[in-house]
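# Descriptive analysis of the structure
Chain by chain, the residues:
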Amino acid sequence: PAIAAATAEGINVNITLMFNMAHYEAVAAAYIDGLRSWRERGGDPRAVASVASYFVSRVDTAVDKQLAALGDPAATALLGKAAIANSRLVYQRFKQIFHEQAGPFVDLAADGAPVQRLLWASTGTKNPAYSDTLYIDELIGPQTVTTIPPATIDAFRAHGTVAHTLEKDLDDARLLFDHLAELQIDFDAITEQLQVDGVAAF
């Protein structure tokens, strides 16, 4: 409600601490509802901007902990993959919401309203076993923003890869969540707890 109300007042909002699809869908809907209210009150929809800050590395930290505890080769094979898969699937949902002709944003787009861009947050690599540019290299695509810690910026300048990678391996991304479910890893529960912990920490 706060997101919709602020947007309806013409205020630009950065919504943060999202970890799963349900979080993202609620935030996108709030932006669209608020923007429509702003337009109905005579506001110019072209004058309002928003980003949806979706957290990345913390997802791997939490999921990897549960995978490692299983001591199963099938679980080991999934280490370090959940965060990128999660982000890539959310980007596909972004495209459906903001770009499909039958989507909820089509009338606002016709009036020049900007899409609510996805912003990748928590992009510094926490696990030293993974590439220090992992979450930058693998999540590059149109209409996104990436916040990057200074050390990661330096690493990316030194050996990062600039390419449209955000839509790679989408079938593998979908399968990963099937595999997590088979291993009794409750991704929704993990990411809900990440949000609770994030609010407390911030």
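Residues numbered from 1 in each chain as written. Predicted model: local features only at pLDDT ≥ 70, side-chain atom pairs only at ≥ 80, totals over all residues. Heavy atoms only, no water.

A few words on the overall build of the protein. Looking only at helices and strands, one finds ten helices and four strands in the protein. Its helices and strands in sequence order give the protein the pattern α-β-α-β-α-α-α-α-β-α-β-α-α-α, from N to C terminus. Structurally, the protein occupies a C-alpha span of about 60 × 40 × 35 Å along its principal axes. Residues classed as buried in the protein amount to 45% of the 202 residues present. Residue pairs in contact within the protein that sit at least 24 positions apart in sequence constitute 78% of those at least 6 positions apart. In the protein, 15 positive and 25 negative side-chain charges are present, and the distance between their average locations comes to 6 Å. (Helix = DSSP H or I, 4+ residues; strand = E, 2+ residues; numbered from the N terminus. Buried < 20%, exposed > 50% of the residue type's maximum accessible area, 1.4 Å probe, protein only. Contact = heavy atoms within 4.5 Å. Lys, Arg positive; Asp, Glu negative; His and termini not counted. Charge placed at Lys NZ, Arg CZ, Asp CG, Glu CD.)

Let's shift gears to the nonpolar core. Among the nonpolar cores identified, the biggest contains 57 residues, and Tyr 24, Phe 98, Phe 105, Leu 118 and Leu 180 are the most heavily contacted of them. With ten residues, helix α5 (residues 82-99) is the single largest residue contributor to this core. (Core = buried A, V, L, I, M, F, W, Y, C linked by side-chain atoms within 4.5 Å.)

Before going further, it helps to examine the packing of helix α2 (residues 21-40) against α5. Where α2 contacts α5, the axes come no closer than 11 Å and their chain directions differ by 25°. Comparing their axes, α5 and α2 come out roughly parallel. The chirality of how α2 crosses α5 is right-handed. Two secondary-structure elements touch here, α2 through Met 21, Tyr 24, Glu 25, Ala 28, Tyr 31 and Ile 32 and α5 through Leu 89, Val 90, Arg 93, Phe 94, Ile 97 and Phe 98. Its residues placed into classes, the contact of α2 with α5 shows ten nonpolar, no polar and two charged. (Axes fitted to C-alpha atoms, helices over the stretch in contact; angles between N-to-C directions. Parallel < 35°, antiparallel > 145°, perpendicular 65-115°, else oblique. Left-handed = near helix turned anticlockwise from the far one by under 90°. Nonpolar A, V, L, I, M, F, W, Y, C, P; charged D, E, K, R; others polar.)

Across four bridges, strand β1 (residues 13-18) lies against strand β2 (residues 50-55) in parallel orientation. Opposite Asn 14, over in β2, you have Val 51 as the bridge partner. Of the crossover connections in this fold, the one passing from β1 over α2 to the parallel β2 is right-handed. (Pairing = 2+ DSSP bridges. Right-handed = clockwise from strand over helix to strand, strands pointing away.)

This part covers the sheet that holds strand β3 (residues 117-121). On the basis of which strands lie adjacent, the open sheet formed by four strands has the order β1-β2-β3-β4 and parallel pairing. Two strands close off the open sheet at either side, each with one partner strand: β1 and β4 (144-146). Here the average twist between neighbouring strands, direction ignored, is 25°. In this structure, β2 lies alongside β3, joined through five bridges in parallel fashion. The partner of Ser 53 across the bridge, within β3, is Leu 119.

At a closest axis distance of 9 Å, the pairing of α5 and helix α9 (residues 170-182) adopts a crossing angle of 115°. Crossing of α5 against α9: the hand is left-handed. Of α9, the residues touching α5 (which contributes Ala 82, Ala 85, Asn 86, Arg 88, Leu 89 and Gln 92) are Leu 170, Ala 173, Arg 174, Leu 176 and Phe 177.

Okay, the side chain of Ser 122 next. One can find Ser 122 in the loop between β3 and α7 (134-137). In this structure the side chain of Ser 122 is engaged in a polar contact, spanning 2.7 Å, whose partner is the side chain of Ser 57. One polar contact links Ser 122 to Lys 126, side chain to side chain, over a distance of 3.5 Å. Filtering out sequence-adjacent residues up to four positions away, Ser 122 remains in contact with Phe 55, Val 56, Ser 57, Arg 58 and Thr 147. (Polar contact = N/O pair within 3.5 Å; in protein donor to acceptor, adjacent residues only side chain to side chain.)

A word on the environment of Thr 61. Take Thr 61: it is sitting in helix α3 (residues 57-70). Distance in space between the C-alpha atoms of Thr 61 and Thr 125 is 9.5 Å, their sequence separation being 64 residues.

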